[in-house]
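# Coordinates in review
Here is what each chain is made of, one letter per residue.
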Amino acid sequence: MGIFKFSMRMLVKDYKKSLFYGITLIFAVAVCFVFFNIINNPDLADQEIARSGGTWSDVQMPFSSVLSFLIICFCCFMVFFANNFFLSRKTTELAIMAMSGSGYINSTMYVLYQTFTLLLLATPLGILIGRCVVPFSNDYMYQMLGVHKDPSYIPQEAYLYSFILVAIVLSMICVLTAGFLHKNDIQTLLSQEKEMKVKRNTKKSKAVLFFGIYVFGIVMMFMNPHEPTAYIAPTIVGLGGAIGVIRYVLPDFVRNLKRGIFLTKRYVLISISNLNYSMQRSLLLFSLMTVAVTGMLAVLAANQNSPREFTTGVIGYIVVVVLLVVSIIYKLSMEALTRKTLFVNLWKIGYTRKELRKIVRQEVISYYFVLILIPLVYIMFISGRFIYYGDMSLKFAYIYILSYIIPIIVSGFITYVQYINAVVKPIKGGK
């Protein structure tokens, strides 16, 4: 059987492994199309310049254009992240191919055939979805700007730049895929999904240091003048402290709990071990979520009186949250599949299905609680500062916080259901 036919057969057979990747590609293409429309649509240009016949090029880099470009870059980054996760789910197949005598080029083409097929399907679907969304986004922005134009108009540049971006992304994926396969041998590929080793014996002084850095980020907010950009540095500092706590302090903290008060609590003992592993593997997503939601809060608060920038920010915020939430759901769901054997063994030694559900529930609730808490502290302090200076209403802050918390809670329920379907439902017999 040829490499192409074999790759297509495996793509269809293991479609669940490719589902998230395909959805991410479709969503990213649709979002990029919408923002290319915002950047290149002359009817959405600054109105004083638009009346004189000018376009975006007559404005010295409007903020909405910069924000649109950043959102497009973020979508590309999430595509590369999805591609990396897609490759990590293919390591066993690639290792088997290598052991069967398949060369480096054949292994590379095996993955690229699948990637190209997914992108080939995702591009027209994404543009079609974007084409359906643009009239609504245009109509809303036209109303905000007082423009009386046909909202269904889409500049040709939106189509052109979307296809160019897809070509660039495909080229980068080819390079990343080739590099991934070149640097990983058979043994490394087979161990990709093994439990990650974490640093141990972290000193208490380090724990105090990382907590101090997280708190110092909050203190920095009150040391800087009240400007939207003044919250970037404090957020990054606080994020560094939070990552340090999760990466270096949490493993020792969990191990001490397992040896102490949780030694006899057989549910918590297992759930916190899984929680520690999941959080270690989610540092990048935690970081992106924190920076995105705090940064977009400052952007929206500072541009409430600028309809074009505010509307662009709202669309961008929705895009960022959806992409990150979907990524987290898929990442946890795929990791749950690797724990199927663990839960089967727990059932064999006496755990009931009800007890296994309790273990999953404790892990999922704890994970999403931490995901909500780390950025929420900074969101509340930043919004409090804006409210104090009269740049934000209490109602706006309340809506923003809910728009952040509710999608995460919903994603928690989805993750729990998929987790149960992956590790508990397949177990036959028992209660």
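Conventions adopted
Residues numbered from 1 in each chain as written. Predicted model: local features only at pLDDT ≥ 70, side-chain atom pairs only at ≥ 80, totals over all residues. Heavy atoms only, no water. Core = buried A, V, L, I, M, F, W, Y, C linked by side-chain atoms within 4.5 Å. Buried < 20%, exposed > 50% of the residue type's maximum accessible area, 1.4 Å probe, protein only. Contact = heavy atoms within 4.5 Å. Axes fitted to C-alpha atoms, helices over the stretch in contact; angles between N-to-C directions. Helix = DSSP H or I, 4+ residues; strand = E, 2+ residues; numbered from the N terminus. Parallel < 35°, antiparallel > 145°, perpendicular 65-115°, else oblique. Left-handed = near helix turned anticlockwise from the far one by under 90°. Nonpolar A, V, L, I, M, F, W, Y, C, P; charged D, E, K, R; others polar.

## What about the nonpolar core?
In this structure, Leu324, Tyr368 and Tyr404 are the most contacted members of the largest nonpolar core, which totals 120 residues. Not counting the four nearest positions on each side in its chain, Leu324 is found in contact with Phe74, Met78, Leu285, Leu288, Met289 and Ala292.

## Some thoughts on the packing of helix α13 (residues 307-337) against helix α15 (residues 353-388)
Taken N-terminus to C-terminus, the directions of α13 and α15 make an angle of 150°; their axes are 13 Å apart at the nearest point. Classified by the angle between their axes, α13 and α15 sit roughly antiparallel to one another. The handedness of the crossing between α13 and α15 comes out as right-handed. Residues Ile328, Ile329 and Leu332 of α13 pack against Tyr367, Tyr368 and Leu371 of α15. Partitioning the contact of α13 with α15 into residue classes produces six nonpolar, no polar and no charged.

## Focus: the environment of Leu209
For Leu209, the position within the fold is in helix α9 (residues 204-223). On the basis of relative accessibility, which here comes to 49%, the residue Leu209 falls in the partly exposed class. Spatially, the C-alpha atom of Leu209 lies 9.0 Å from that of Gly244, the residues being 35 residues apart in sequence.

## Looking at the environment of Ile359
Following the sequence through the fold, Ile359 ends up in helix α15. Accessibility expressed as a relative area gives 0% for Ile359, which makes it buried. Separated by 90 residues in the primary sequence, Ile359 and Leu269 place their C-alpha atoms 8.9 Å from one another. Not counting residues within four places of it along the chain, the set of residues in contact with Ile359 comprises Tyr267, Ile270, Ser271, Phe343, Leu346 and Tyr351.

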